[in-house]
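One letter stands for each residue in the lines below.
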Amino acid sequence: MADPDAPEARFRGTRWPGLIWAVPVAAALIVAWLGVAALATRGPEVVVTFPITGGIRPGGTDVTYRGATVGHVVSVHLDASLAAMKVRLRFDPDMDGHLGRGTRYWIAGRHVSFGNLASLKSVIAGPHIAVAPRNGPIRHHAAGLAHAPAVNPAKAGLTVMLTAAKKGNISTGAGIFYKGFRIGTVRKIALGPNGGGFAIGAFISRRYQRLITTRSRFWNAGGVRVTASGGGPRLAMQSVPALVSGALGVTTPPGGRQAIDGARFRLYPSAAAARDAPGPHAVAYRTVLPGGPRGLAVGAPVTLEGATVGAVTGVAMAYAPRAGAIRSTVRFALDPSRIGLAGATWNLRHPRPQMNAMLARLIHRGLRAHLARATPVIGQQELALAIMRGAAPATLGKGAPPAVPAVAGGSIGRLMAEAGGILANLHAVSARLAALSRAPRTRAALKRLAQTAANVAAITRATRGQAPHLLADLRRTANEADEALRDLRGMIGAQGSAANAPESQTMPHTLYELGRAARALRELVDELNAHPNALILGKGR
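Predicted model, so just to flag it, every value in this text is computed and none were measured.

On to the overall build of the protein chain. In terms of helices and strands, the protein chain carries 11 helices and 22 strands. Across the 541 residues of the protein chain, 40% fall into the buried class. In the protein chain, of all internal contacts separated by at least 6 residues, the share reaching a separation of at least 24 is 67%. Carbon and sulfur atoms provide 57% of the accessible area of the protein chain, an area that totals close to 31,000 Å².

The seven strands lie next to each other as E8-E11-E10-E9-E15-E12-E16, forming a closed barrel whose pairing is mixed. Neighbour-to-neighbour, the strand axes of this sheet turn through a mean angle of 35°, independent of strand direction. As paired strands, strand E12 (residues 217-220) and strand E15 (residues 247-251) are joined by four bridges and run antiparallel to one another. Residue pairing for E15: Arg217 is matched across the bridge by Thr251.

So, on to the pairing of strand E1 (residues 45-51). Of all the seven residues making up E1, five are buried; the element is thus mostly covered by neighbouring parts of the structure. Bridging between E1 and strand E4 (residues 84-91) involves seven bridges; their strand directions are antiparallel. Considered in E4, the bridge of Val46 is made with Leu89. Here E1 pairs with strand E7 (residues 141-143) via three bridges, running parallel. Paired with Val48 across the bridge in E7 is Ala142.

Counting residues in each nonpolar core, the largest one holds 26 residues, and the members touching the most others are Tyr285, Leu334, Met355, Leu385 and Val404. Among the elements of the structure, strand E17 (283-290), strand E18 (301-304), strand E19 (307-320), strand E20 (325-334), helix H5 (352-364), strand E21 (367-373) and strand E22 (381-387) are those that each provide at least two residues to this core. Per element, the largest residue contribution to this core is four residues, and it comes from H5. Residues contacting Leu334, with those up to four places away along its chain left out, are Ala282, Val283, Tyr285, Val302, Val309, Gly310, Met355, Leu359 and Leu385. By size, the runner-up hydrophobic cluster in this structure holds 23 residues, among which are Ile176, Ile200, Leu248 and Ala259.

Cut-offs used in this document
Numbering of residues begins from 1 in every chain and follows the order in which that chain's sequence is written. In view of the model being predicted, local features appear only for residues whose pLDDT reaches at least 70, and side-chain atom pairs are presented and counted only at 80 or more, with totals across whole chains, interfaces and linings using the full set of residues. Side-chain numbers here rest on the full set of heavy atoms in the structure, without hydrogens or water. Runs of H or I in DSSP of at least four residues are treated as helices and runs of E of at least two as strands, each being numbered from the N terminus. For every residue, the accessible area (1.4 Å probe, protein chains only) is compared with the maximum for its type, and the residue is labelled buried under 20%, exposed over 50%, or partly exposed between those bounds. We call two residues in contact whenever any of their non-hydrogen atoms come within 4.5 Å of each other. Surface exposure here means Shrake-Rupley accessible area, sampled with a 1.4 Å probe, where a residue is shielded only by the protein chains that are shown. Any two strands with at least two DSSP-identified bridges between them are counted as paired. Fitting a line to C-alpha atoms yields each axis, with helices limited to the stretch in contact; the angle taken between N-to-C directions then spans 0 to 180 degrees. Residues grouped as a nonpolar core are buried Ala, Val, Leu, Ile, Met, Phe, Trp, Tyr and Cys residues, joined through side-chain atoms within 4.5 Å.

Honestly, that's just the spatial picture; any functional story needs more than this.
So, in structure tokens, the structure goes:
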């Protein structure tokens, strides 16, 4: 039985939910604190517009500065025009304050450079985004480049622009070599505005930029080159990677001033063209050659008695209606520093008077311009200035620039063709001599034979410097023909045996010797036509 005097129990709730709720509350507080801390320590974000490029992945593409990772890609979206993509970059907090106006962004690692084998990792890892920061308030939107800029602010050094008519095998990343040592890299290659050439951005490391002056000369050093010297033909190449990516060479003659950023230079096709190019004191001249240029091009060497003294600066072919012939006007420049003056010196400020006086005297002695090849058949076509014995009188032509008289060139091909025609004449004349030994027309036939022998002798003289071994046989057979001709002249003279007795034993023997010389000459020309390399390698034993 309950006690009626006992107090009545009452239930009272508490505001504390209980210990079981302490765990989720603590977790929520921790998450909130981490979120606030992440917002406080998160680096800046920038949206960069790039040309559409594959391989850029959110969370998988890094942002680098001088090879160090300073951020990553957060998102990639195409813009409304579908012509570009907007890439959101999130940087490390350390980059805050270094992404101001002028900061440059570009996509790097898209191309493999065989000059830098470390770039092979981009085949697996894909491209990355490089940045060249500038201090200042952050710019949240920027325009990016599809490739590295020609002038890379992230690296100190000298950047020069090279102009070339042809690109060749040069590619981005190709090395630049000075005396075989790498001093720079090709950063950019672009086609000219009108498609008339190429502009190549060349970067020189700061430690080597003092080697580049206003007189420096660059050339295409990639690929394999065939050179000829006293030791015979040789193969030369810059390096194994240069076979694929190409390479540039540079040399610096003394006397120039230090080059500045953006300086422009011409890119020569070869080291020889760069070496032989006229210097700042070169004197301009011209000559008019009969016929076409036959492969002569701008940059070809100009030689004086075999020594290189200048280069061709212009070639133009035109048809002369009055003469009914084709002529080629060749402009060239002679470098006085390549021609020594015995007992005197050049006035390099005004070298033209001295150069004109020298050429005028040499022209009076027979100096003429003509086409030639340094190596017969396969060599480069060049413009040669040489003394021609028995040349017709001439003078240095007036005009701007003055004109040097020219003669037809003596290429091996044309000389062999002329020799073939002469041999045909020799055979025909020999046959006629045999038939006409008793006829009054014998004297006329022998006169024609005399002219033929003179032509053979002229050809052997013209080819003396181009085929010293094989054409020695040609001269010998021509001499034999000339001896036979002298015998015939003696025979048909007023007191000669043939004049009194054409049927004597002397005429058949002379005709036999003449025929034997003609046959030997024919065999030699046939061998040259079948084996033109014998002009370089010599006759087989």
